[in-house]
Amino acid sequence: MELEASLIATGCQLVKRQLAWGTSGNLSARLDTDHMLVSASGTNMGELVPGDLVSVRVSDGAWSGPRKPSKEVPMHIGIYQQRPDARVVLHSSPHYTTLIACSQEVIPSQLFIETMYYLERVAWIDYFHPGSAELGAAVKAASSQAEVIMMRNHGVILLDDSCAEAVMRLQTLEMVCRMIVEAKAAGLTLGKIPEQLVREFLHSGRYKPRKPWHPAPTP
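Described in the following lines is the structure provided in the data block. Worth saying up front: this structure is predicted, and the values here are computed from it rather than measured. (Residues numbered from 1 in each chain as written. Predicted model: local features only at pLDDT ≥ 70, side-chain atom pairs only at ≥ 80, totals over all residues. Heavy atoms only, no water.)

### Quick look at the pattern of salt bridges
Okay, step 1: Scanning all chains against the criterion turns up 14 salt bridges.
Okay, step 2: Between Asp85 and Arg83 there is a salt bridge, with its nearest N and O atoms 2.9 Å apart.
Okay, step 3: The class for Arg83 is buried, based on a relative accessible area of 1%.
Okay, step 4: Salt-bridge contacts for Lys211 lead to Glu165; the nearest nitrogen and oxygen are separated by 3.0 Å. One end of the pair, Lys211, is in the segment after α7 (195-204); the other, Glu165, is in helix α6 (residues 163-186), and 46 residues separate them in sequence.
Okay, step 5: The buried category is assigned to Glu165, whose relative accessible area is 13%.
Okay, step 6: Overlapping salt bridges bring together Arg83, Asp85, Glu120, Arg121, Glu147 and Arg210 as one network. (Salt bridge = Lys/Arg side-chain N within 4 Å of Asp/Glu carboxyl O. Buried < 20%, exposed > 50% of the residue type's maximum accessible area, 1.4 Å probe, protein only. Helix = DSSP H or I, 4+ residues; strand = E, 2+ residues; numbered from the N terminus.)

Shown next, in the form of structure tokens:
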């Protein structure tokens with residue numbers, strides 16, 4: 001299956017680029033309007049093989065087969081229910097991103113080209129236990145406002161329309177979080193691009209055509 005192969009390759013990329021480690025993350029992709037393919041419970045994203053991805057029904061979380069889906073399924077389901085445009089969801093805990101998630105720092109989008117594009121909408125949610133219905137509900141609500149959802153003391157979950165774009169979004173986030181940490185250690189202040197220039201950049205499509213904003217359906 002082409003989608004399964006794409007997710008397996010994405011998992012390998014994340015580990016090689018130090019954007020994931022061990023069994024700390026999970027990933028999924030939309031199969032159709034009411035089904036997603038999600039990594040199985042206990043899998044290492046860098047070692048996924050055919051059969052490590054489970055088909056789950058988005059409407060109610062039902063699944064079948066020998067493998068159990070990741071316990072973080074409620075987050076993935078919430079995003080696919082809330083955002084019909086979401087095709088891929090990545091959840092991970094990269095070093096610098098998780099460090100920032102455990103702090104009170106703000107993640108600015110007005111730093112450079114990629115941040116303006118990929119970090120235009122970032123939301124934050126409080127800590128809830130992994131796999132809990134409360135976490136799933138919080139992620140679902142936040143996804144109506146953002147493509148990147150920072151989970152305090154946990155990590156990040158993000159959505160996009162392809163595996164490649166989702167990985168790039170995560171790379172950009174990790175890069176910025178590292179910049180924040182290293183700038184503070186060096187006593188540097190990160191300068192921001194003026195809002196007017198940010199708006200001009202986003203509307204001009206000079207980097208990439210701006211992805212349309214799809215207001216989420218009301219639950």
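### What about the sheet that holds strand β2 (residues 35-39)?
Okay, step 1: With mixed pairing, the 7 strands of this open sheet are ordered in space as β3-β2-β1-β4-β7-β6-β5. Of all the strands in the sheet, the pair left with one neighbour each is β3 (53-57) and β5 (122-125). Along the sheet, successive strands turn relative to each other by an average axial angle of 20°, direction set aside.
Okay, step 2: For strand β1 (residues 26-32) and β2, the ladder comprises 4 bridges, and the chain directions are antiparallel. For Ala29, the partnering residue across the bridge sits in β2 and is Leu37.
Okay, step 3: Docked against the sheet, α6 engages β4 (88-92), β6 (148-151) and β7 (155-160), running at close to 145° with respect to β7. (Pairing = 2+ DSSP bridges. Axes fitted to C-alpha atoms, helices over the stretch in contact; angles between N-to-C directions. Contact = heavy atoms within 4.5 Å.)

### Remarks on the nonpolar core
Okay, step 1: Counting residues in hydrophobic clusters, the biggest one holds 31 residues, and the most contacted among them are Leu7, Leu14, Leu90, Ile107, Met150, Leu170 and Leu173.
Okay, step 2: Listed by contribution, the elements that provide at least two residues to this core are α1 (2-16), β1, β4, α3 (95-101), β6, β7 and α6.
Okay, step 3: Looking at this core, the element that brings in the most residues is α6, giving 8 residues.
Okay, step 4: Once residues lying within four places of it in the same chain are set aside, the contact partners of Leu14 are Leu19, Ala20, Met45, Leu90, Val167 and Leu170.
Okay, step 5: Among the nonpolar cores identified, the runner-up in size contains 24 residues, and Met36, Val56, Leu135 and Leu159 belong to it. (Core = buried A, V, L, I, M, F, W, Y, C linked by side-chain atoms within 4.5 Å.)

### Focus: the environment of Asp60
Okay, step 1: Note on placement: Asp60 falls in the loop between β3 and α2 (73-82).
Okay, step 2: Put simply, Asp60 and Asp34 are 26 residues apart on the chain and 9.2 Å apart in space, counted from C-alpha to C-alpha.
Okay, step 3: In terms of polar contacts, Asp60 uses its side chain to reach the side chain of Arg57, at 2.8 Å. (Polar contact = N/O pair within 3.5 Å; in protein donor to acceptor, adjacent residues only side chain to side chain.)

### Focus on the pairing of β2
Okay, step 1: For β2, the buried fraction is high: 4 of the 5 residues fall into the buried class.
Okay, step 2: Between β1 and the antiparallel strand that follows it, β2, lie 2 residues.

### Points about the packing of aromatic side chains
Okay, step 1: According to the stated counting rule, one finds 3 aromatic pairs in the structure shown.
Okay, step 2: With 5.4 Å between their ring centres and 75° between their planes, Tyr117 and Tyr207 make a pair best called edge-to-face. A residue pair is termed long-range when its members are at least 10 positions apart, and Tyr117 in helix α4 (residues 113-118) and Tyr207 in the segment after α7 qualify at 90 residues.
Okay, step 3: By relative accessible area, which is 9% here, Tyr117 ends up buried. (Phe/Tyr/Trp six-rings, centres within 6.5 Å; stacked < 30°, edge-to-face > 60°.)

### Remarks on the packing of α2 against helix α5 (residues 133-142)
Okay, step 1: Two numbers describe how α2 lies on α5: the axes approach to 8 Å, and their chain directions differ by 30°. In this view, α2 runs roughly parallel relative to α5, as classed from their interaxial angle. Regarding α2 and α5, the two cross each other, and that crossing is right-handed. Taken together, the residues of α5 that come into contact with α2 (itself represented by Pro74, Met75, Gly78, Ile79, Gln81 and Gln82) are Leu135, Gly136, Val139 and Lys140.
Okay, step 2: In terms of residue class, the contact of α2 with α5 is made up of 5 nonpolar, 4 polar and 1 charged. (Parallel < 35°, antiparallel > 145°, perpendicular 65-115°, else oblique. Left-handed = near helix turned anticlockwise from the far one by under 90°. Nonpolar A, V, L, I, M, F, W, Y, C, P; charged D, E, K, R; others polar.)

### A look at the pairing of β6
Consecutive residues of a regular strand have side chains that alternate between opposite faces of the sheet.
Okay, step 1: In β6, alternate side chains face the same way, and those of Val148 and Met150 on one face and Ile149 and Met151 on the other are all buried.
Okay, step 2: Once you follow β5 into α5 and on to β6, the crossover reads as right-handed.
Okay, step 3: Pairing geometry for β6 and β7, over 4 bridges, is antiparallel. Residue pairing in the sheet places Val148 in a bridge with Leu158 of β7. (Right-handed = clockwise from strand over helix to strand, strands pointing away.)

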